[in-house]
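Fold and geometry: a report
Here are the chains, one letter per residue:
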Amino acid sequence: MATDKRLLNRQKSGNASWDAAYVRYVQYMMTRVNCAVTITSCHQKLRQDGERQAKDTRDVVMSELTDALRARCLDWVRSRFDGVYVNRHGAIIVPFAKTVVFVEVTEVFTGRGRVNVRAPVLVDLGLTPEVTRHVAVNGGNFLFGALSFYAEGDADTATLEFDYSLFGETVNEAVLAAAVRLVNASATKIQDQLRPRFGGRSILA
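Let me sum up the structure you'll find in this document. Just so we're clear, the structure is a prediction, and the values are computed from it rather than from any experiment. (Residues numbered from 1 in each chain as written. Predicted model: local features only at pLDDT ≥ 70, side-chain atom pairs only at ≥ 80, totals over all residues. Heavy atoms only, no water.)

Quick look at the pairing of strand S4 (residues 112-126)
To keep it simple, the criterion reads: Exposure categories follow from relative accessible area, calculated using a 1.4 Å probe and restricted to protein chains: below 20% of the type maximum is buried, above 50% is exposed, and the middle band is partly exposed. Each helix is a run of H or I in the DSSP string that is no shorter than four residues. Each strand is a run of E no shorter than two, and both are numbered from the N terminus. When DSSP finds two or more bridges between a pair of strands, those strands are recorded as paired.
Most of S4 sits inside the fold, with 11 of its 15 residues counted as buried. Where S4 meets strand S6 (residues 157-167), 10 bridges bridge the pair, whose relative direction is antiparallel. Within S6, the position partnered with Pro 120 by the bridge is Glu 161.

Overview of the nonpolar core
Operational definition: The term nonpolar core refers to a set of buried residues drawn from Ala, Val, Leu, Ile, Met, Phe, Trp, Tyr and Cys, joined through side-chain atoms within 4.5 Å. Any two residues whose heavy atoms approach within 4.5 Å are treated as being in contact.
Within the largest apolar cluster, 35 residues are counted, with the highest numbers of intra-cluster contacts made by Cys 73, Val 115, Leu 176 and Val 180. Mapped onto this core, the elements with two or more residues apiece are helix H1 (2-80), strand S2 (92-95), strand S3 (100-109), S4, helix H2 (129-138), S6 and helix H3 (173-198). Residue contacts for Cys 73: discarding those within four places in its chain leaves Ile 92, Val 103, Val 105, Val 115, Val 171 and Leu 176.

Brief notes about the environment of Phe 198
Within the element layout of this structure, Phe 198 appears in helix H3. Every residue in contact with Phe 198, bar those within four places of it in the chain, is listed here: Leu 125, Glu 130, Val 131 and His 134.

Overview of H3
Put simply, the rule reads: Here the expected length of a helix is defined as 1.5 Å per residue gap, with one fewer gap than residues. Note that bend, as reported per residue, equals the angle between axes fitted to the 7 residues terminating at that residue and the 7 residues originating from it. Polar contact is defined as a pair of N or O atoms within 3.5 Å, subject to the rule that within protein one atom must be able to donate a hydrogen and the other to accept it, and that residues adjacent in sequence are counted only when both atoms are side-chain atoms.
The end-to-end C-alpha distance of H3 is 36 Å, a good match for the 38 Å that 26 residues give at a rise of 1.5 Å each. Where H3 bends most, the angle comes to about 30 degrees, and this point is Asp 192, followed within four residues by the proline Pro 196. Structurally, the start of H3 carries an N-cap: the backbone nitrogen of Ala 174 is 3.1 Å from a side-chain oxygen of Asn 172. A positive phi of about 85 degrees marks Gly 199, the residue just after H3.

Written as structure tokens, this is what we have:
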């Protein structure tokens, strides 16, 4: 009987030692996991901070590039056309007899700006099935440029525009002046063709 008690005490003692060792092992592994999670979180934060700083740097560089391009475009059109001004949105406005041409520099393309040259053809144009079908079928049938609608919200009228875009690095004074003249000529011609059929009015009316 005494022998059985000693064996039982040994088993209990062995189990207690094993339990304590197991607890220490679990605590050790949890410490390692917590350290790994902390290190991973630090790496993620550093990576996010680096990506954010890189984006901020790219944005600053792009802003400087587009600001410089916008300033050159303004100088170029002022040297070629009369009455040029900049509206409150920063767009360069070149007025003509029946419309105005907008020259806008944006940061659409990575590493380079885009110069969009556009002119309203007709404003307050009713969005009838006939006019929308005409634009859908014929809006892209030009050697350069295209027709598009601009409407706000659920309005049943819109502005019909003719626009053309240039890559920033391809633009110089001669190219920009030619694009402004061609956009104005196309918008004026289309206005004369479509106004009797579909209504609307000139932006200068």
